[in-house]
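# Topology and contacts: notes
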Amino acid sequence: MTNKLPQRLAWLLPLGLLAAGIFGAVLIQRLGTGIFGWIFAGLVGLGLLWIVVSVLWPARAERTCPDCGRPGLVRLDTDLVHGLECTQCDYRDETASAWLLAEEEGPLEELVLAQRAQRRERGHSPLDTARSPD
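So, here is what we can say about the structure in this document. (Residues numbered from 1 in each chain as written. Predicted model: local features only at pLDDT ≥ 70, side-chain atom pairs only at ≥ 80, totals over all residues. Heavy atoms only, no water.)

### Re the overall build of the protein
Each helix and strand counted, the protein has 5 helices and 3 strands in total. Each helix (α) and strand (β) of the protein, taken in turn from the N terminus, gives the series α-α-α-β-β-β-α-α. A total of 134 residues make up the protein; the buried ones form 13% of that total. Put simply, the protein shows about 11100 Å² of open surface, and 63% of that area lies on carbon and sulfur atoms. (Helix = DSSP H or I, 4+ residues; strand = E, 2+ residues; numbered from the N terminus. Buried < 20%, exposed > 50% of the residue type's maximum accessible area, 1.4 Å probe, protein only. Areas by Shrake-Rupley, 256 points an atom, 1.4 Å probe, with all protein chains shown as cover.)

Okay, structure coming up:
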């Protein structure tokens, strides 16, 4: 049985957006337009803070297996940036992204260029990932 709660509450999203708009209009009417500058500056500052945090603490590869919970995830193929398997159990996912693992293991330029060359040999454009058989 899937979780139906987000689907059932989806109709609240438009009401929430409408309420936020009304709240903003009332806030500006009561406090004047000066508060708009402070709120806008706060949002811009929050965005800049997000960028600084992302730059100083970049994402790291998660090597913990989702099945057994032990650190043992490795790439299926060292020539690809997708596909994971666990060395501690029998977990295997051919579609999972292994981009961060590949990035930790070395430069990605050779991998990306090799994958592009393979696609060109098969007749696929790098931008055309969903090519129809017609």
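### Some words on the pairing of strand 3 (residues 92-97)
Working note: regular strand, side chains alternate between the two faces of the sheet. As paired strands, strand 2 (residues 82-86) and strand 3 are joined by 3 bridges and run antiparallel to one another. Note on strand 3: the bridge partner recorded for His-82 is Ser-97. Between the antiparallel neighbours strand 2 and strand 3 lie 5 residues. (Pairing = 2+ DSSP bridges.)

### Focus: the sheet that holds strand 1 (residues 73-75)
As summarised here, the arrangement of the 3 strands in space is 1-2-3, forming an open sheet in which the pairing is antiparallel. The open sheet has two free edges, formed respectively by strand 1 and strand 3, since each of these has just one partner strand. Across the sheet, the mean angle separating the axes of adjacent strands is 40° when strand polarity is ignored. Pairing of strand 1 with strand 2, which is carried by 3 bridges, proceeds in the antiparallel orientation. In the sheet register, Val-74 faces strand 2, and the bridge partner there is Glu-85. (Axes fitted to C-alpha atoms, helices over the stretch in contact; angles between N-to-C directions.)

### So, the nonpolar core
Core analysis: the biggest nonpolar cluster contains 9 residues, these being Ala-61, Cys-65, Leu-73, Leu-84, Cys-86, Tyr-91, Ala-96, Ala-98 and Leu-101. Ignoring any residue separated from it by four or fewer positions in sequence, one finds Cys-65 in contact with Arg-70, Leu-73, Cys-86, Cys-89 and Tyr-91. (Core = buried A, V, L, I, M, F, W, Y, C linked by side-chain atoms within 4.5 Å. Contact = heavy atoms within 4.5 Å.)

### A look at the state of the cysteines
Per the counting criterion, the structure on display carries 0 disulfides. Cys-68 carries a free sulfur, and the closest cysteine sulfur to it, the one in Cys-89, is 3.7 Å from it. (Disulfide = S-S within 2.5 Å.)

### Brief notes about the side chain of Arg-75
You can see Arg-75 is positioned in strand 1. Only 3.3 Å separates the side chain of Arg-75 from the backbone oxygen of Thr-78, close enough to count as a polar contact. Engagement of the side chain of Arg-75 in a polar contact is seen with the side chain of Glu-105, the distance being 2.6 Å. Beyond its immediate stretch of four places on either side in the chain, Arg-75 contacts Leu-80, Gly-83, Leu-84, Glu-85, Ala-98, Leu-101, Ala-102, Glu-105 and Leu-111. (Polar contact = N/O pair within 3.5 Å; in protein donor to acceptor, adjacent residues only side chain to side chain.)

### Considering the pattern of salt bridges
Applying the stated rule across the entire model yields 4 salt bridges. A salt bridge links Glu-94 to Arg-92, with the shortest nitrogen-to-oxygen separation between them at 2.8 Å. Here the salt bridges do not stand alone but share partners, grouping Glu-85, Arg-92 and Glu-94 into one network. (Salt bridge = Lys/Arg side-chain N within 4 Å of Asp/Glu carboxyl O.)

### A look at the packing of helix 2 (residues 12-31) against helix 3 (residues 34-56)
Put simply, helix 2 and helix 3 touch, their axes get as near as 7 Å, and they point 130° apart. It follows that helix 2 is oblique to helix 3 by the angle criterion. From helix 2, Leu-27, Ile-28 and Leu-31 reach across to helix 3, where they touch Ile-35, Phe-36 and Ile-39. Each residue belonging to the contact of helix 2 with helix 3 can be placed in one class, and the counts come to 6 nonpolar, no polar and no charged. (Parallel < 35°, antiparallel > 145°, perpendicular 65-115°, else oblique. Nonpolar A, V, L, I, M, F, W, Y, C, P; charged D, E, K, R; others polar.)

This is a description of form; function is not addressed.
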